[in-house]
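# Structural overview for review
Spelled out, the chains give:
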Amino acid sequence: MQDNTISFLITKVEAQLLERVIYLEPSIDEVLDNAKLEKGQVRLNMSYDDLKDCLEALSYEAVQNDAPKEDMLALCAKMQGYDKLTQLMGKHGKVKKAVVKKDAVFVFDVQMIQYPPKGKKVIRTIAISSKKSLYQFAGAIVRSFDFLFDHCFAFYGNVNKHPVSEQKEIYELFVDIGEEPTAPHARGVKTVKVEQVFTELGKTMLFMFDYGDDWRFAVELKKVRSMVAGERLPAVENKIGKAPKQYAPIKDF
């Protein structure tokens, strides 16, 4: 093992909790892909940056309405112990710590543009680090409307065009998972950062989620600000309107 990685064991249940937060940090997916079973537990090998990503994702997920809070917080505390160990090692010169630059925070208004009743608005104001990927941003959008992050999605440059129409700017999950994109010039979402796409205030894109149910949202960059000390991102800063159910209830026959 290289000196910039850490290895430790977690239970299978704890591994399932990490799987839950993959939508926030794609690096967690890679960590779990490389995990190995060892005497009934799961051995993780990750970089110190991945460890911090895991902590950030667990902390965010623990405050969600449908999250198993106690289990999430217990795993977070366990992994924080390893993080403190790495900091201690760094003081003794055994770990070379990277310089962490402060990120800008991008604040978006995300409005559902298809399903709300006429005259009603359903909007979520979301703050996210500019360094996060479009994949992470998509997860934050979907969860802010109390949806499950369980379908393919994309960002398109023109809000007024359907995705099957000609779009000049396209970022699709299809590219990352090896499926055929809607256009040959489409880019992926896992390695493209928010700041690379939303390059000016007021820029608005179409976010489409679930190509079967066709959920569509207008995503507008409203503000760029500095990060507040101690804040957890991504965060939902405001909610307007009640979102419809993602799946209609099953009727009894």
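All values reported here derive from a predicted model rather than from experimental measurement.

Per the counting criterion, the structure on display carries nine salt bridges. Arginine 43 is the salt-bridge partner of glutamate 38, the closest N and O atoms lying 2.7 Å from each other. Here arginine 43 falls in the partly exposed class, since its relative accessible area comes to 22%. With a shortest N-O distance of 3.0 Å, arginine 225 and glutamate 231 are connected by a salt bridge. By relative accessible area, glutamate 231 is classed as partly exposed at 23%. The network of salt bridges with common partners includes Arg225, Glu231 and Glu237.

Another aspect to go through is the packing of aromatic side chains. Two descriptors summarise a pair of aromatic rings, namely the distance from one centre to the other and the angle between the planes of the rings. Counted according to the given criterion, the structure contains 15 aromatic pairs. When the ring of phenylalanine 153 is compared with that of phenylalanine 207, the centres are 5.9 Å apart and the planes differ by 45 degrees; the resulting orientation is tilted. One end of the pair, phenylalanine 153, is in strand E6 (residues 153-156); the other, phenylalanine 207, is in strand E8 (residues 204-209), and 54 residues separate them in sequence. Both residues of the pair, phenylalanine 153 and phenylalanine 207, count as buried.

Here we take up the nonpolar core. Across soluble globular proteins, nonpolar side chains show a tendency to be buried alongside one another. By size, the foremost hydrophobic cluster in this structure holds 63 residues, and its most contacted members are Leu18, Met79, Phe108, Phe137, Phe155, Phe198 and Phe207. Setting aside its immediate chain neighbours within four residues, leucine 18 contacts Ile10, Ile28, Leu32, Leu44, Cys54, Leu58, Leu75 and Met79. Counting seven residues, the second-largest nonpolar core is a separate cluster that includes Ala183, Ala186, Leu206 and Met208.

Here is what the cut-offs are and how they apply
Each residue is numbered by its place in its chain's sequence as written, counting from 1. For a predicted model such as this one, the threshold for reporting local features is a pLDDT of at least 70, and the threshold for listing and counting side-chain atom pairs is 80 or more; totals across whole chains, interfaces and linings nevertheless cover every residue. The side-chain numbers reported here are obtained from all heavy atoms of the structure, hydrogens and water having been left aside. Here, a salt bridge means any Lys or Arg side-chain nitrogen found within 4 Å of an Asp or Glu carboxyl oxygen. Burial status follows relative accessibility: with a 1.4 Å probe on protein chains alone, a residue under 20% of its type maximum counts as buried, one over 50% as exposed, and anything between as partly exposed. Aromatic rings from Phe, Tyr and Trp, taking only the six-membered ring of Trp, are treated as a pair when their centres fall within 6.5 Å; an angle between ring planes under 30 degrees marks them as stacked, one over 60 as edge-to-face, and anything in between as tilted. A run of H or I in DSSP becomes a helix once it reaches four residues, and a run of E becomes a strand once it reaches two; helices and strands are each numbered from the N terminus. Residues belong to one nonpolar core when they are buried, are Ala, Val, Leu, Ile, Met, Phe, Trp, Tyr or Cys, and are joined through side-chain atoms within 4.5 Å. Contacts were defined at the residue level, with two residues in contact if any of their heavy atoms lie within 4.5 Å.

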